[in-house]
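# Structural characterization, general
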Number of protein chains: 2
Amino acid sequence: MFEIFYAYFNSKFVLSQEDFAAIEQVAITRKLRKRQYLLQQGDVWKYDAFVCKGLVRTYRVDEKGQEHIIQFCPENWWTGDRHSYVTGEPARYNIEACEDSEVILIPKQDFQRLRMQLPALGNFLYDLLERSFISLQNRVNSNIMHTAEEKYDQFLKTYPDMANRVPQHMIASFLGISAETLSRIRSHVKK
Amino acid sequence: MFEIFYAYFNSKFVLSQEDFAAIEQVAITRKLRKRQYLLQQGDVWKYDAFVCKGLVRTYRVDEKGQEHIIQFCPENWWTGDRHSYVTGEPARYNIEACEDSEVILIPKQDFQRLRMQLPALGNFLYDLLERSFISLQNRVNSNIMHTAEEKYDQFLKTYPDMANRVPQHMIASFLGISAETLSRIRSHVKK
DNA sequence: CGATTCTTTGAAAACAGTCAATCTGTGTGG
DNA sequence: CCACACAGATTGACTGTTTTCAAAGAATCG
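What counts and what doesn't
Residues numbered from 1 in each chain as written. Chains lettered and ligands numbered in written order. Predicted model: local features only at pLDDT ≥ 70, side-chain atom pairs only at ≥ 80, totals over all residues. Pairing = 2+ DSSP bridges. Helix = DSSP H or I, 4+ residues; strand = E, 2+ residues; numbered from the N terminus. Axes fitted to C-alpha atoms, helices over the stretch in contact; angles between N-to-C directions. Expected span 1.5 Å × (residues − 1). Buried ≥ 20, exposed ≤ 12 C-beta atoms within 10 Å, placed from the backbone. Contact = placed C-beta atoms within 7 Å. Core = buried A, V, L, I, M, F, W, Y, C linked by C-beta atoms within 7 Å. Nonpolar A, V, L, I, M, F, W, Y, C, P; charged D, E, K, R; others polar. Near = placed C-beta within 6 Å. Least-squares fit on C-alpha atoms with pLDDT ≥ 70 in both.

### Quick notes on the sheet that holds strand β3 (residues 47-53) of chain B
All names here are of chain B. Here four strands make up an open sheet; going across it, the order is β1-β8-β3-β6 and the pairing antiparallel. Looking at strand neighbours, the two that pair on one side only are β1 (28-32) and β6 (77-79), the edges of this open sheet. Along the sheet, successive strands turn relative to each other by an average axial angle of 30°, direction set aside. Of the pairings in the sheet, the one linking β1 to strand β8 (residues 101-107) comprises five bridges and is antiparallel in character. When the bridges of β8 are listed, L32 appears paired with S101.

### Looking at helix α5 (residues 119-145) of chain A
At 3.6 residues per turn, the α-helix brings residues three or four places apart onto the same side. End to end, α5(A) covers 39 Å across 27 residues, agreeing with the expected 39 Å (1.5 Å per residue, within 8%). All of the buried residues along α5(A) are L121(A), G122(A), L136(A), Q137(A), R139(A), V140(A), S142(A) and I144(A). Summarising the contacts, the buried residues of α5(A) are in contact with α4 (108-117) and α6 (148-158) of chain A together with β5 (67-74) and α5 (119-145) of chain B.

### Observations regarding the nonpolar core
Counting residues in each nonpolar core, the largest one holds 70 residues, and the members touching the most others are L38(A), V56(A), V103(A), L38(B), V56(B) and V103(B). Excluding anything up to four places from it in sequence, V103(B) contacts R30(B), L32(B), L38(B), A49(B), F50(B), V51(B) and C52(B).

### Focus on the interface of chain A and chain B
The partner chain B presents 22 residues to the 22 residues of chain A that form the contact. If you tally residues by element for the side of chain A that touches chain B, the top one is α5(A), at 14 residues. Tallied by class, residues from the side of chain A that touches chain B come to ten nonpolar, seven polar and five charged.

### Topic: unusual backbone geometry
Residue and element names in this part refer to chain A. The phi torsion at R35 lies on the positive side, around 75°, for a residue other than glycine. By the secondary structure assignment, R35 is in the loop between β1 (28-32) and β2 (37-39). C-beta crowding within 10 Å serves as the criterion here: with 10 such atoms nearby, R35 is assigned to the exposed category.

### Overview of the protein's contact with DNA strand D
Of all residues adjacent to DNA strand D, which total 16 residues, the nearest are Q168(A), S183(A), A148(B), E180(B) and T181(B). Taken together, the elements giving at least two residues each to the surface near DNA strand D come down to α8 (168-175) and α9 (179-190) of chain A together with α6 (148-158) and α9 (179-190) of chain B. Examining the composition of the surface near DNA strand D, we find that six residues originate from one element, α9(A), more than from any other. Residues that form the surface near DNA strand D fall into these classes: four nonpolar, seven polar and five charged.

### Side note on the sheet that holds strand β4 (residues 55-61) of chain A
Paired through backbone hydrogen bonds, the strands of a sheet run either parallel or antiparallel to each other. Residues and elements named next belong to chain A. A sheet is described by the order of its strands in space; here four strands give the open sequence β2-β7-β4-β5, paired in antiparallel fashion. At either end of the open sheet lies a strand with only one pairing partner, and these are β2 and β5 (67-74). Adjacent strand axes in the sheet meet at a mean angle of 30°, parallel and antiparallel pairs treated alike. The pairing of β4 with β5 spans seven bridges and is classified as antiparallel.

### Some thoughts on the relation of the copies chain A and chain B
The transformation that overlays chain A on chain B combines an axial shift of 0.0 Å with a rotation of 180°, and the residual RMSD is 0.0 Å. Overall, the copies show the geometry of a two-fold rotation axis. Most of the interface of chain A is mirrored in chain B, where 100% of its interface residues are also at the interface.

### Structural notes on the pairing of strand β4 (residues 55-61) of chain B
Residues and elements named next belong to chain B. Count of turn residues in the β4/β5 antiparallel hairpin: five residues, of which G65 carries a positive phi of about 90°. Both β4 and strand β7 (residues 94-97) contribute to a ladder of four bridges, which runs antiparallel. Across the sheet, the residue bridging to V56 is A97, located in β7.

### Notes on the environment of D19(B)
All names here are of chain B. By the secondary structure assignment, D19 is in helix α2 (residues 17-26). You can call D19 partly exposed: it has 16 C-beta atoms within 10 Å. Measuring from C-alpha to C-alpha, the distance between D19 and C98 comes to 32 Å, with 79 residues separating the pair along the chain.

### Re the protein's contact with DNA strand C
With respect to spatial proximity, 16 residues lie near DNA strand C, and among them A148(A), T181(A), P167(B), Q168(B) and S183(B) are the closest. Only α6 and α9 of chain A together with α8 (168-175) and α9 of chain B provide two or more residues apiece to the surface near DNA strand C. Looking at which element gives the most residues to the surface near DNA strand C, the answer is α9(B), with six residues. Class assignment of the residues belonging to the surface near DNA strand C gives a composition of four nonpolar, seven polar and five charged.

### Here we look at the pairing of strand β3 (residues 47-53) of chain A
Residue and element names in this part refer to chain A. For β3, a buried count of six out of seven residues is recorded, marking the element as mostly surrounded by other parts of the structure. Sheet analysis places β3 next to strand β8 (residues 101-107), joined by six bridges and oriented antiparallel. Looking across to β8, one finds that Y47 is bridged to P107. Note that β3 and strand β6 (residues 77-79) share three bridges and pair antiparallel. Considered in β6, the bridge of F50 is made with W78.

Pasting the structure below:
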């Protein structure tokens, strides 16, 4: 599992073997079966999670029992509940595997210490957060200026492979539209 | 203008007078009249902007000429076009003063250098970005799980003073609903 | 005051959500 | 290997929400 993690870091910045060993030492590996939780609403989230293989989703359940997906996280991306992580409050989100997955968890304290010790890591994480911010902003933008159909088009462009990996009703949930509406959009587009 | 900026930093972390002097040295002050642009679509954004007084908005204009507001930035907050800042591409957003405003601009290179030199500043900016990320995530969440009326309610809770400072149609634009719908929601709520 | 900007209101049309039924494909246990 | 259950996708009819366009009323500013 660590080879993937190592390859990821080295594609981003130069990391010495000792530095990586320091990361590896505090990392926790976890294998998830499809539908298994990585985090459940109500628990406190204290990690940074890197997905080596598979796909996990972060979602919330409203009063009516409906799920709303805030993030899909495929391999080579990071996930977690940043609100719970920062504030220490119970998580409002669930994180669950959409496929059998392999995940590396790094405890918050350890990662914060490493960030201080390794400036290159600190800079990288800043860039990463910046890019995450931009992509969230694009999503807000898409939500406020597009119709359901345009949002779906943009989703396909932004995440071309996702449509093959997750059921349609989850894409609908991610976009904030009903599964039926998405089905109609798709049949409409074909013509 | 710098007193406000200085007070802001000192409320966040301890900053020596020399450190602040280093910041002040590279900072550019700018006064904006209401409706004056700070950034126009197409230009490249190369600053971090701190609003000392007033209120600015960041928005985008679609093909039909409609404006979509992505951020309101009141005094003591930061603004800018992070996409253009990071990539060096032309901005897709406009930034414009909603009120007469006073803004401090710090050029990108200088700020990056200062971030390296002053670890406390670096940590603070990381926290700031993290909090911005969380609030954007809350907004996405609100967009995908709430109706227009619920989104408006949440807006009032999240930004209680904003409703008095900006025209209603801008709030509608921020929420991604039409000005007419917002007007109807408001008259409906009164009863 | 006159001009502009902002808000409200009405009526029609477009859009999206809900509920219920049906259809499809997949995988599991007998 | 089949039958069945189950999750997912589609479709139809209906309801409800939101947009659009147009017009008229406030409010604000020079």
